[in-house]
Amino acid sequence: MSDQPPAAIRVLLVDDEPMVRSGLSAIIGTTSDIVVFGEAADGPEALARIESEAPDVVLLDIRMPGEDGVAVTRRIVALDNPPAVLILTTWDSDAVTLQAIGAGAAGFLLKTDAGLDIPDGIRAVAAGRGALSQSPVHAVLSAAASSDTVMRAQARDAVRTLSPREREAIVALSGPGSLDEVAARMFVAKSTLKSHMESAQRKLGVSSRHELAVIAAHAGLI
């Protein structure tokens, strides 16, 4: 068995404010398992660095010159083998939260969160889990209650295309935990869970676990 320590999580910081990038670097620099390998000031620069250097996580601001963080997220997740996108912003807005998650972001944190929440969020999305600030976390699960009848009906129609096991899987995946932990709760192999998740994503036309959770909430499954 190898005694090699696990590789550090490689993070790309994307924010148009140099002072913000410096502050984030300082916070992440206090950890031993996360490393900032590069920075970018806008979407095009971020995409170029992602394609050339393949980070594990992109810490991405919402408000930037040119394309905003939601649009850049859509472009990132469309790449082959995309990194996890963790949105970081000063906007405490349910609408922005849902837009970011709908675009494929793996998590959403506020810049006003305590510093330790940022490394924890990076670790979570790098491991395939979600990360949501406490302030907007209700947006994902309460969206169904505030959405209109047409949206709920569309979600119910969409989940009818899923097999019973796929529906069970997206409900389980809407809860906390890594894929390993969710598979253990379902008493299935991780490969089986991934197969159900990927099949559900194809049928529903989405690309992330969080989008599955939003559809499950709208459909009344959770």
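Here the structure is a predicted model, which is why all the values come from computation and not from measurement.

As for the environment of Val57
So, point 1. For Val57, the position within the fold is in strand β3 (residues 57-61).
So, point 2. Put simply, Val57 and Val11 are 46 residues apart on the chain and 4.9 Å apart in space, counted from C-alpha to C-alpha.
So, point 3. The residues touching Val57, leaving out its near neighbours within four places in the chain, are Ile9, Arg10, Val11, Leu12, Pro83, Ala84, Leu86, Ile122, Val125 and Ala126.

Section: the environment of Glu53
So, point 1. Turning to its location among the elements, Glu53 is positioned in helix α2 (residues 43-53).
So, point 2. For the pair Glu53 and Phe37, spaced 16 residues apart in the sequence, the C-alpha separation amounts to 9.0 Å.

Brief notes about helix α8 (residues 164-173)
So, point 1. Residues of α8 that are buried: Glu166, Ala169, Ile170, Ala172 and Leu173. Buried residues of α8 fall within an arc of 160° about the axis and therefore sit on the same side.

Quick look at the packing of α8 against helix α9 (residues 179-186)
So, point 1. Packing of α8 against α9 leaves a shortest axis separation of 10 Å and a crossing angle of 125°. Considering their axes alone, α8 and α9 lie oblique with respect to each other. Judged by the twist between their axes, the crossing of α8 over α9 is right-handed. In contact with Arg165, Glu168, Ala169, Ala172 and Leu173 of α8, α9 contributes Leu179, Val182, Arg185 and Met186.
So, point 2. Grouping the amino acids of the contact of α8 with α9 by side-chain chemistry returns six nonpolar, no polar and three charged.

Structural notes on the side chain of Thr73
So, point 1. Within the secondary structure layout, Thr73 lies in helix α3 (residues 69-77).
So, point 2. Those residues within four positions of Thr73 in sequence are excluded, and the remaining contacts are Leu60, Val85, Ile87, Ala100, Ala103, Gly104 and Ala105.

Re the layout of surface pockets
So, point 1. Size it by volume and the largest pocket reaches roughly 760 Å³.
So, point 2. Elements with a minimum of two residues in the lining of the largest pocket: β4 (84-89), α5 (117-126), α10 (190-204) and α11 (209-218).
So, point 3. The dominant element in the lining of the largest pocket, judged by the number of residues it contributes, is α10, at six residues.
So, point 4. For the lining of the largest pocket, the per-class residue count stands at 13 nonpolar, seven polar and seven charged.

How each quantity is defined
- Residues numbered from 1 in each chain as written.
- Predicted model: local features only at pLDDT ≥ 70, side-chain atom pairs only at ≥ 80, totals over all residues.
- Heavy atoms only, no water.
- Helix = DSSP H or I, 4+ residues; strand = E, 2+ residues; numbered from the N terminus.
- Contact = heavy atoms within 4.5 Å.
- Buried < 20%, exposed > 50% of the residue type's maximum accessible area, 1.4 Å probe, protein only.
- Arc of directions from axis to C-beta.
- Axes fitted to C-alpha atoms, helices over the stretch in contact; angles between N-to-C directions.
- Parallel < 35°, antiparallel > 145°, perpendicular 65-115°, else oblique.
- Left-handed = near helix turned anticlockwise from the far one by under 90°.
- Nonpolar A, V, L, I, M, F, W, Y, C, P; charged D, E, K, R; others polar.
- 1 Å grid on protein atoms, 1.4 Å probe; cavity = no way out; pocket = protein on both sides within 12 Å on 5 of 7 lines; lining within 4 Å.
- Points joined across faces, edges and corners; volume = space filled by probe spheres on them.

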